[in-house]
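Listed below, chain by chain, are the residues.
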Amino acid sequence: MCGLFVQSSAAFSNQSISPIAPFLVTDLGVSRAQVGFLVTAVYFGGALVLIPAGRAGDRFGLRWLFLIGLLFVGIPMLAASVAPDYLTLVILMLISGVGNGIALPPTTRAIVEWFSSRRRGVAMGIKQAGLAWAGTIMGLMVP
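Residues numbered from 1 in each chain as written. Predicted model: local features only at pLDDT ≥ 70, side-chain atom pairs only at ≥ 80, totals over all residues. Heavy atoms only, no water.

Caption draft 1: How the structure looks around the overall build of the protein chain. Within the protein chain, the regular secondary structure consists of six helices and zero strands. Element order for the protein chain, N to C, with α for helix and β for strand: α-α-α-α-α-α. Compactness check: the protein chain gives a C-alpha radius of gyration of 16 Å against a globular reference of 15 Å for 143 residues, within 12% of the reference. The principal-axis extents of the C-alpha atoms in the protein chain amount to approximately 50 × 30 × 20 Å. By sequence separation, contacts in the protein chain at least 24 residues apart represent 78% of the contacts at least 6 residues apart. When the accessible surface of the protein chain is summed, it comes to about 8,100 Å², and 70% of that surface belongs to carbon and sulfur atoms. Charge-centre separation for the protein chain: the mean point of 9 positive side chains lies 17 Å from the mean point of 4 negative side chains. (Helix = DSSP H or I, 4+ residues; strand = E, 2+ residues; numbered from the N terminus. Rg over C-alpha atoms; globule rule 2.2 N^0.38 Å. Contact = heavy atoms within 4.5 Å. Areas by Shrake-Rupley, 256 points an atom, 1.4 Å probe, with all protein chains shown as cover. Lys, Arg positive; Asp, Glu negative; His and termini not counted. Charge placed at Lys NZ, Arg CZ, Asp CG, Glu CD.)

See the structure below:
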């Protein structure tokens, strides 16, 4: 369940953009392409740190990366809710993506460490369901 929670929480940043896209276009006066770039910013931020985060997980352990990653997702997302302009929002989404990239590699390693080979498939499926849960939660709550 820890993996499901981390996966869901880390995915809130990329899953929150689609449900609020119409509001972003209206409230910030940006184009649909600019809204799409917010998703790119999240994924780019994650891509920057995925490999170093995996190495850090090997070296420092999983729980610290869960915590650090979720802080890097949550704090920028909170700030993004009151972002005064588009550029600030892009930067905050990029930082949130970094948090996503920090939090996710340890979730997979946790599956390998915490479950026998006979249980890893189910455990991985539960963990990966976190992405769908995040999308569902964001779709229902954010607008």
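Caption draft 2: Local environment of the packing of helix H5 (residues 86–114) against helix H6 (residues 120–141). Orientation of H5 relative to H6, taken along the N-to-C sense of each, is 155°, at an axis distance of 9 Å. One element, H5, and the other, H6, form an angle in the roughly antiparallel class. In this structure, H5 meets H6 at a crossing whose hand is right-handed. On H6, the residues that touch Thr107, Thr108, Ile111 and Val112 of H5 are Arg120, Ala123, Met124 and Lys127. Classifying every residue of the contact of H5 with H6 by side-chain character gives four nonpolar, two polar and two charged. (Axes fitted to C-alpha atoms, helices over the stretch in contact; angles between N-to-C directions. Parallel < 35°, antiparallel > 145°, perpendicular 65-115°, else oblique. Left-handed = near helix turned anticlockwise from the far one by under 90°. Nonpolar A, V, L, I, M, F, W, Y, C, P; charged D, E, K, R; others polar.)

Caption draft 3: Focus on the nonpolar core. Counting 15 residues, the largest nonpolar core has Ile17, Val35, Leu38, Leu89 and Met93 as its most contacted members. Every element with two or more residues in this core is listed here: helix H2 (17–28), helix H3 (32–60) and H5. Here the element with the most residues in this core is H5; it accounts for five residues. Excluding residues within four positions of it along the chain, Met93 makes contact with Ser13, Ser16, Ile17, Leu38, Ala41, Val42, Met77 and Ala80. (Core = buried A, V, L, I, M, F, W, Y, C linked by side-chain atoms within 4.5 Å. Buried < 20%, exposed > 50% of the residue type's maximum accessible area, 1.4 Å probe, protein only.)

Caption draft 4: Region of interest: H6. The terminal C-alpha atoms of H6, which comprises 22 residues, lie 31 Å apart, in line with the 32 Å expected from a rise of 1.5 Å per residue. At Leu131, H6 shows its strongest bend, of approximately 25°. Along H6, the positions that sit buried rather than exposed are Ala123, Lys127, Gly130, Ala134 and Met138. (Expected span 1.5 Å × (residues − 1). Bend = angle between axes of the 7 residues up to and from the residue.)

Caption draft 5: Here's a closer look at the side chain of Ser96. Mapped onto the elements of the fold, Ser96 is located in helix H5. Since its relative accessible area comes to 0%, Ser96 is described here as buried. One polar contact links Ser96 to Ser13, side chain to side chain, over a distance of 3.3 Å. The residues contacting Ser96, other than those within four sequence positions of it, are Ser13, Phe72, Val73, Pro76 and Met77. (Polar contact = N/O pair within 3.5 Å; in protein donor to acceptor, adjacent residues only side chain to side chain.)

Caption draft 6: Looking closely at a nonpolar patch on the surface. The grouping of Trp64, Leu67, Ile68, Leu71, Phe72, Ile75, Leu87, Ile91 and Ile95 at the surface amounts to a nonpolar patch, some 860 Å² of accessible area in total. Elements that contribute at least two residues to the nonpolar patch include exactly helix H4 (62–80) and H5. The biggest single contributor to the nonpolar patch is H4, with six residues. Here Leu87 shows up in helix H5. (Patch = residues over 30% accessible without salt bridge, like charges linked within 9 Å, V, L, I, M, F, W, Y side chains within 5 Å. Salt bridge = Lys/Arg side-chain N within 4 Å of Asp/Glu carboxyl O.)

Caption draft 7: Summary view of the layout of surface pockets. Considered as a void within the structure, the largest pocket measures approximately 540 Å³ in volume. If you go around the largest pocket, you meet 24 residues; those closest to its centre are Ser16, Ile20, Met77, Ala80 and Ser81. Of all the secondary structure elements, the ones that give two or more residues to the lining of the largest pocket are helix H1 (2–15), H2, H4 and H5. For the lining of the largest pocket, a count of residues per class yields 19 nonpolar, four polar and one charged. (1 Å grid on protein atoms, 1.4 Å probe; cavity = no way out; pocket = protein on both sides within 12 Å on 5 of 7 lines; lining within 4 Å. Points joined across faces, edges and corners; volume = space filled by probe spheres on them.)

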